[in-house]
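Fold and contact review
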Amino acid sequence: MSAPVKDVVVSEDAPSDLLLKKHADFIALYGVKKDDYEYCMTEYLRLSGMYWGLTAMDLLGQLERMDRQQVVEFVAGCQHDCGGFGASVGHDPHLLYTLSAVQILTLYDAVDAVNVNTLVEFVSNLQQPDGSFIGDKWGEVDTRFSFCAVACLKLLDRLPAICLDKATNFVLSCMNFDGGFGCRPGSESHSGQIYCCVGFLAVTGQLHHVNADLLGWWLCERQLPSGGLNGRPEKLPDVCYSWWVLASLKMIGRLHWIDKDKLRSYILACQDEETGGFADRPGDMVDPFHTLFGIAGLSLLGATELKMVNPVLCMPEDTLRRINLKIELLSS
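Scope of this entry: the structure provided in the associated data block. Note that the structure is a prediction, hence the values are computed from the model and not measured.

With that out of the way, let us pick up the environment of Leu329. The residue Leu329 is located in the segment after helix 14 (317–322) in this model. On the basis of relative accessibility, which here comes to 30%, the residue Leu329 falls in the partly exposed class. For Leu329 and Pro282, which are 47 residues apart along the polypeptide, the C-alpha to C-alpha distance reads 32 Å. Setting aside residues no more than four positions away along its own chain, Leu329 makes contact with Leu207, Lys250, Met251, Pro311 and Val312.

What follows is the structure, given as structure tokens:
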């Protein structure tokens with residue numbers, strides 16, 4: 001006897017249209033209320049929060065509403081002498097926030113505002129003898145960091161700064177029997193890790209190593225009757241997986257394997273009609289994280305009101321064209 005499917009019920013009166021202006025207003029106001037409890041308590045991920053909000057605004061065609069000079073100066077102030085970036089001024093450098101910094105500066109065509117050479121050195125020094133990457137000096141190994149490393153270097157046109165063969169072999173060692181990937185060899189497959197590993201292979205031109213049909217089947221099985229996607233079996237749907245799963249399917253040429261209309265309806269149902277923004281599930285609290293990935297997911301689904309998003313780097317395609325960056329994907 002199979003276990004009951006964990007899912008949510010989408011109300012018939014849930015939002016069904018994209019509330020563009022409300023989402024732009026939600027993000028624009030988020031950084032203004034600097035005395036709010038929520039803003040203060042999220043300092044530990046400030047740079048990533050800025051990346052989520054600014055990328056969402058750019059996909060909405062509203063980036064000009066944000067203060068470019070203030071953003072660039074803040075990001076530059078988060079760089080350490082070692083080249084890495086902390087989540088905020090005074091926070092320890094970490095590879096996660098270093099990628100966020102590079103993405104933000106690329107959005108604004110302001111990479112020259114920081115020391116790129118020390119940044120590249122910081123990233124390359126985090127590679128381990130087995131090809132893996134640690135996130136910072138404390139030594140945690142995770143395939144997320146492998147993706148962050150090559151994404152940073154690709155955006156800076158400095159991929160040869162690391163040993164790509166060893167890095168690729170480590171990521172491939174994390175591939176599982178179901179076609180998916182985990183955070184380390186032997187770890188269970190998870191949609192977030194799959195996105196990172198498939199993204200890594202896309203950036204490095206190694207997507208041919210992926211069993212697209214096997215992995216595509218595992219990914220499309222993440223869709224639930226509500227239309228939403230979960231991250232692994234027996235979990236509830238979450239709007240953020242509208243990005244991790246959908247982007248992975250796009251990279252391996254299997255986006256057509258899911259019910260796009262049902263997913264679109266689920267994402268739109270997670271909007272807050274009063275405040276703007278997206279939540280993980282209908283009726284929950286909205287936040288910039290789910291707002292970006294809800295918008296990015298809708299962009300991948302072909303929403304014409306939004307800019308086209310790149311499935312590998314979660315950045316607007318027009319930004320990547322400006323810096324002549326192109327990443328080959330698998331065809332369907």
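Continuing now.
One can find Leu164 in helix 8 (residues 164–173). Sequence-wise, Leu164 and Val150 are 14 residues apart; in three dimensions their C-alpha atoms are separated by 8.8 Å. Sequence-distant contacts of Leu164, that is, excluding residues within four places in its chain, are made with Val150, Leu159 and Thr204.

Core analysis: the largest hydrophobic core is formed by 108 residues, its most contacted members being Trp243 and Leu313. The residues touching Trp243, leaving out its near neighbours within four places in the chain, are Tyr195, Ser248, Phe293, Ala296, Gly297, Leu300, Val309, Asn310, Pro311 and Cys314.

Where charged atoms of side chains with opposite charge meet at close range, the side chains can pair. The tally for this structure, following the rule as stated, stands at 10 salt bridges. With a closest N to O distance of 2.6 Å, Lys307 and Asp58 form a salt bridge. In this pair, Lys307 sits in the loop between helix 13 (288–300) and helix 14 while Asp58 sits in helix 3 (residues 46–59), placing the two residues 249 residues apart along the sequence. Judged by relative accessible area, which is 5%, Asp58 ranks as buried. In this structure, the salt-bridge partner of Arg281 is Asp280, at a minimum N-O distance of 3.2 Å. Looking at Arg281, the relative accessible area reads 19%, which means it is buried. Looking at Asp280, the relative accessible area reads 14%, which means it is buried. Salt bridges here are not isolated pairs; linked through shared partners, they connect Lys21, Asp25 and Arg65.

Another point: the state of the cysteines. Covalent bonding between the sulfur atoms of two cysteines defines a disulfide. One pass over the full model with this rule turns up zero disulfides. Residue Cys174 stays outside any disulfide, its sulfur separated by 5.8 Å from that of Cys197, the closest cysteine. Judged by its relative accessible area of 0%, Cys174 falls in the buried class. You can see Cys314 has no disulfide; the closest cysteine sulfur is in Cys240, sitting 12 Å from it.

Let's shift gears to the side chain of Arg281. As for its position among the elements, Arg281 is in the loop between helix 12 (260–269) and helix 13. At 2.6 Å, the side chain of Arg281 forms a polar contact with the backbone oxygen of Pro237. In this structure Arg281 touches Val8, Leu236, Pro237, Asp238, Tyr266 and Cys270, once residues within four positions along its chain are discounted.

Along its 13 residues, helix 7 (residues 143–155) runs 18 Å from first to last C-alpha, staying within 8% of the 18 Å computed at 1.5 Å per residue. Of the positions making up helix 7, those classed as buried are Thr143, Phe145, Ser146, Phe147, Cys148, Ala149, Val150, Ala151, Cys152, Leu153 and Leu155. Next to the buried residues of helix 7 lie helix 5 (95–107), helix 6 (116–125), helix 8, helix 9 (191–203) and helix 14. A distance of 2.8 Å separates the backbone nitrogen of Arg144 from a side-chain oxygen at the start of helix 7, and that oxygen is part of Asp142. Backbone geometry just downstream of helix 7 places Asp157 in the positive-phi region, at approximately 60 degrees.

Before going further, it helps to spend a moment on the packing of aromatic side chains. By the definition in use, this model includes eight aromatic pairs. When the ring of Trp243 is compared with that of Phe293, the centres are 6.5 Å apart and the planes differ by 25 degrees; the resulting orientation is stacked. With Trp243 in helix 11 (residues 241–251) and Phe293 in helix 13, the pair connects residues that are 50 residues apart, well separated along the chain. Grouping residues by exposure puts Trp243 and Phe293 together as buried. Grouped by ring-pair contacts, the aromatic residues Trp52, Phe147, Tyr195, Trp243, Trp244, Phe289 and Phe293 constitute a single cluster.

The rules behind the values
Residues numbered from 1 in each chain as written. Predicted model: local features only at pLDDT ≥ 70, side-chain atom pairs only at ≥ 80, totals over all residues. Heavy atoms only, no water. Helix = DSSP H or I, 4+ residues; strand = E, 2+ residues; numbered from the N terminus. Buried < 20%, exposed > 50% of the residue type's maximum accessible area, 1.4 Å probe, protein only. Contact = heavy atoms within 4.5 Å. Core = buried A, V, L, I, M, F, W, Y, C linked by side-chain atoms within 4.5 Å. Salt bridge = Lys/Arg side-chain N within 4 Å of Asp/Glu carboxyl O. Disulfide = S-S within 2.5 Å. Polar contact = N/O pair within 3.5 Å; in protein donor to acceptor, adjacent residues only side chain to side chain. Expected span 1.5 Å × (residues − 1). Phe/Tyr/Trp six-rings, centres within 6.5 Å; stacked < 30°, edge-to-face > 60°.

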